[in-house]
Structure formats: C-alpha cells, structure tokens
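What follows is each chain in one-letter form.
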Amino acid sequence: MMIVITYDVNTETPAGRRRLRRVAKACMKYGQRVQNSVFECSVSSSDYVVLRHELDEIIDAEHDSLRFYNLGAKYSTRIEYVGQQRHLPVDDVMMI
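What you see is a predicted model; the values in this text were computed from it and never measured.

Colleague: Give me the pattern of salt bridges: which residues, what numbers.
Modeller: Applying the stated criterion across every chain yields a total of 2 salt bridges. A salt bridge links Asp64 to Arg19, with the shortest nitrogen-to-oxygen separation between them at 2.7 Å. Remark: Arg19 occurs in helix α1 (residues 14–28) and Asp64 occurs in the loop between α2 (45–58) and β4 (65–72); sequence separation between them is 45 residues. Take Asp64 and Arg19: they sit in the same class, and that class is buried. With a shortest N-O distance of 2.9 Å, Lys29 and Glu54 are connected by a salt bridge. Within this pair, whereas Lys29 is found in the loop between α1 and β2 (31–35), its partner Glu54 is found in helix α2, the two being separated by 25 residues in sequence.

The structure is reproduced here in structure tokens:
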C-alpha cells in the first residue's frame, strides 16, 4: 500500500531540530521524499505499523504533528502532478 506521510516539527529548540532529522531519517527507510516534509512510502501492513510506532516514539505530540494518508494499492490513479516531479516510480524497474 502507498502511504503519504507529512509532518510539521517545531524546530525552535535544538531538541526540535534533532526530532526533525530523526523523523526524516525514519521516513527515508520506508520511502522517498517528494517535498520537504512529505514522503511517499510503499509499505506492507506490518511495515506500516512499525513505521507508525517509530515515528510516534520520535515526535513530541504537544509541539509536532504527523499525518498519514493511506492511498491503498491502486494509488497511481489518485496522484496528480503539476510541475516538476521529485520522485522515482516505486513500482517500475530502476537501473542504476
């Protein structure tokens, strides 16, 4: 399933800046950054539970926010692009 994760982390303190880096690093393990605070993650149900738990442990719920959008397995028809695309297709073959 495709999950879109957005976050807003309060970076007014050194601890907040550290949380911001940790949230981004956790999201990078499961998907790719498509905008500054937006990740598209193609995950299994079990990976989603692990990712949610990891992010819940990182953020400060009183100052930060996370949003999870479940686009499901047939997500490609639900995403529209305008302007430059900043990601690689996750279902296609990639040659490096």
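Continuing now.
Colleague: Can you explain the sheet that holds strand β3 (residues 38–42)? Please cite residues and give values.
Modeller: In space, the 4 strands of this open sheet follow the order β2-β3-β1-β4, with antiparallel pairing throughout. Whereas interior strands pair on both sides, the edge strands pair on one side only; in this sheet they are β2 and β4. Averaged over all neighbouring strand pairs, the angle between strand axes comes to 25°, with direction disregarded. Direction of pairing for strand β1 (residues 2–8) relative to β4: antiparallel, over a ladder of 7 bridges. Directly across from Thr6, in β4, lies its bridge partner Arg67.

Calculation criteria
Residues numbered from 1 in each chain as written. Predicted model: local features only at pLDDT ≥ 70, side-chain atom pairs only at ≥ 80, totals over all residues. Heavy atoms only, no water. Salt bridge = Lys/Arg side-chain N within 4 Å of Asp/Glu carboxyl O. Helix = DSSP H or I, 4+ residues; strand = E, 2+ residues; numbered from the N terminus. Buried < 20%, exposed > 50% of the residue type's maximum accessible area, 1.4 Å probe, protein only. Pairing = 2+ DSSP bridges. Axes fitted to C-alpha atoms, helices over the stretch in contact; angles between N-to-C directions.

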